[in-house]
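Residues per chain are reported as follows:
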Amino acid sequence: MAERFGGYQNEIYLHGLGGTKPPFTTDPVRLAESAREVMTPEAYGYVAGGAGSGATMDANRAAFDRWKLVPRMLTDATARTTSATVLGSELPAPVLLAPVGVQSIVHPDAEPATARAAAALGLPMILSTAASHTIEEVAEASGDGPRWFQLYWPSDSDVTASILTRAKKAGYTTLVVTLDTWTLAWRPRDLDSAYLPFLKGEGLATPLSDPAFRALLEKAPEDDMPSAILRWVSLFTGTDHSWNQLPFLREHWDGPIVLKGIQHPDDARRAVDAGMDGIVVSNHGGRQVDGAIGSLEALPPIASAVGDRIEVLFDSGVRTGADILKALALGAKAVLVGRPWVYGLGHAGEDGVRHVLRSLLADLDLTLGLTGHRSVGELGPESLQRS
Ligand SMILES: Cc1cc2nc3c(=O)[nH]c(=O)nc-3n(C[C@H](O)[C@H](O)[C@H](O)COP(=O)(O)O)c2cc1C
Ligand SMILES: O=C(O)C(=O)c1ccccc1
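Residues numbered from 1 in each chain as written. Chains lettered and ligands numbered in written order. Predicted model: local features only at pLDDT ≥ 70, side-chain atom pairs only at ≥ 80, totals over all residues. Heavy atoms only, no water.

## Here's the deal with the overall build of the protein
- Counting its regular elements, the protein contains 16 helices and twelve strands.
- Against the globule reference of 21 Å for 387 residues, the protein gives a C-alpha radius of gyration of 20 Å, in line with a compact fold.
- C-alpha atoms of the protein, sized along the principal axes, occupy 70 × 50 × 40 Å.
- In the protein, which comprises 387 residues, the proportion classed as buried is 55%.
- Relative to all contacts within the protein whose residues are 6 or more apart in sequence, the contacts with residues 24 or more apart total 74%.
- Of the roughly 16100 Å² that the protein leaves accessible, carbon and sulfur atoms contribute 53%.
- Taken as two groups, the 34 positive and 46 negative side-chain charges of the protein have centres that lie 4 Å from each other. (Helix = DSSP H or I, 4+ residues; strand = E, 2+ residues; numbered from the N terminus. Rg over C-alpha atoms; globule rule 2.2 N^0.38 Å. Buried < 20%, exposed > 50% of the residue type's maximum accessible area, 1.4 Å probe, protein only. Contact = heavy atoms within 4.5 Å. Areas by Shrake-Rupley, 256 points an atom, 1.4 Å probe, with all protein chains shown as cover. Lys, Arg positive; Asp, Glu negative; His and termini not counted. Charge placed at Lys NZ, Arg CZ, Asp CG, Glu CD.)

Now the structure itself:
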């Protein structure tokens, strides 16, 4: 690991001695508040909002609050490491950047900036199908950083195969297939501001540059953008797939395949039976089903249902180092983080993403050590108490 993450705290303190503050807050709650001031109201509403009443977003945080860490002493935790092996890749920490589409609504530098920040820390950025830059552009920005691709599974198989071929060719190794967003949920904030990024022409770089998609259009997108947008929306939304279609993805992808959006142990078992390599226990950050369980509540029963047959990743509501420890202790191999670094992108582009991630990793490293653990592999149910 090029960088000792806990050292980021010292770096900030030492700068503080000279009177220099960090570029913006290191506190996740204040980060969400301050992002409101640097983003347009529509973009902030889109990123920060959730489905319906927002109850699932609240449940995500409440689920973390119900578990507490139990620190252990005199464990010689000075020499410790946050490193982890996730689906065959050795990572400096069990943290990935969740797939987040349409980053151009947050900052003009968008996905390439995020890709550079992630690569500098050695963390995988999971590139969204709904990105504002093409697969090839973001791949180039990733340099030698790990490359994972997220698929929104279109209803047309030629388009799906073409996108997967492009992602493979661009060096993406791991495929994350999002299952919970086959249509967008009831999102009152966006409805009230008549804001859907796709309909504004955002997040279409991959389909608009895709030969199989272009072949479906009567006129080139350059000549009739509204029809191209509607055609993509009709391929992308409103079509749920079924378990028996998963072999199609296996035929078109060589590396590990991970299903994102699993909340029920029976679905986790089906993913194992279907020969998948991993799942992400996720409720999409509370953006899809209102009134759902907190995602962390879903983790223990799923972890015991699948055992070590496939890798279990987790997201929705992860904000602090302690949250990461809790998810790992309850059976996750790694976590995905969404909104926090998106707010960092809004604040300061690439530097902002890096500041948020370094803060989170420093917090993780320090909390790991202060609870008496020398590596993330030592975390288990005995590290926690439910209250
Ligand atoms: C603005 C925004 C856009 C998102 N876009 C995608 C996407 O394109 N694909 C996807 O699988 N998930 C998408 N997600 C969901 C995230 O991958 C992730 O599941 C969620 O943000 C995790 O919750 P958190 O924000 O509480 O960390 C998006 C989330 C946000 C906030
Ligand atoms: O908003 C989302 O949660 C999301 O997943 C998405 C869907 C389409 C385009 C951009 C983001």
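## Quick look at the site of ligand 2
- With respect to spatial proximity, the complete set of residues near ligand 2 consists of Y46, A130, Y152, L184, R187, F198, F236, H284 and R287.
- Y152 is positioned with one of its side-chain polar atoms (N or O) 2.5 Å from an oxygen atom of ligand 2.
- Side-chain polar atom of H284 to an oxygen atom of ligand 2: 2.8 Å apart, as the coordinates give it.
- Starting from 300 Å² of accessible surface for ligand 2 in isolation, the protein chains cover 92%. (Near = heavy atom within 4 Å. Polar contact = N/O pair within 3.5 Å; in protein donor to acceptor, adjacent residues only side chain to side chain.)

## Details of the pairing of strand β10 (residues 311-314)
- With four bridges joining them, strand β9 (residues 278-281) and β10 adopt parallel strand pairing. Bridge pairing in β10 places V281 opposite F314.
- The β-α-β motif built from β9, the intervening helix α14 (residues 295-306) and the parallel element β10 has right-handed crossover chirality.
- The pairing of β10 with strand β11 (residues 334-337) spans two bridges and is classified as parallel. Residue F314 lies in a different strand from β11, and its bridge partner there is V335.
- For the crossover from β10 across helix α15 (residues 321-329) to β11, the handedness is right-handed. (Pairing = 2+ DSSP bridges. Right-handed = clockwise from strand over helix to strand, strands pointing away.)

## As for the layout of surface pockets
- Here the largest pocket defines a volume of roughly 550 Å³.
- Lining of the largest pocket is provided by 24 residues; of these, L179, D180, W182, D240 and G261 occupy positions nearest its centre.
- Grouping the constituent residues of the lining of the largest pocket by class yields ten nonpolar, eleven polar and three charged.
- Of the voids in this model, the second largest pocket is the one considered here, and its volume is about 460 Å³. (1 Å grid on protein atoms, 1.4 Å probe; cavity = no way out; pocket = protein on both sides within 12 Å on 5 of 7 lines; lining within 4 Å. Points joined across faces, edges and corners; volume = space filled by probe spheres on them. Nonpolar A, V, L, I, M, F, W, Y, C, P; charged D, E, K, R; others polar.)

## Some words on the UniProt feature "domain: FMN hydroxy acid dehydrogenase" (unreviewed entry) in the protein
- UniProt's feature table lists "domain: FMN hydroxy acid dehydrogenase" (unreviewed entry) at residues 20-387, given in the numbering used throughout.
- With 43% helix and 12% strand, residues 20-387 has end C-alpha atoms that lie 40 Å from one another. (UniProt positions renumbered as here; feature names shortened; annotations may be inferred.)

## Here's the deal with empty space enclosed by the protein
- Applying the stated criterion across every chain, the model contains one cavity of 30 Å³ or more.
- Roughly 580 Å³ of internal volume is contained in the largest cavity.
- Lining of the largest cavity is provided by 35 residues; of these, P99, V100, G101, H284 and R287 occupy positions nearest its centre.
- At the level of secondary structure, the elements contributing two or more residues to the lining of the largest cavity comprise α3 (41-48), β11 and α16 (339-370).

## Side note on the site of ligand 1
- Near ligand 1 lie 20 residues; those nearest to it are P99, S128, T178, D315 and R319.
- Within the backbone of P99, one N or O atom sits 2.7 Å away from an oxygen atom of ligand 1.
- Between R319 and ligand 1, the recorded distance is 2.8 Å, taken from a side-chain N or O atom to an oxygen atom.
- Relative to its unbound accessible surface of 600 Å², ligand 1 loses 97% to contact with the protein.
- Counting atoms within 2 Å of the grid points, the majority share of ligand 1 lands in the largest cavity.
- Partitioned by chemical class, the residues of the shell around ligand 1 number five nonpolar, ten polar and five charged. (Sits in = over half its atoms within 2 Å of the grid points.)

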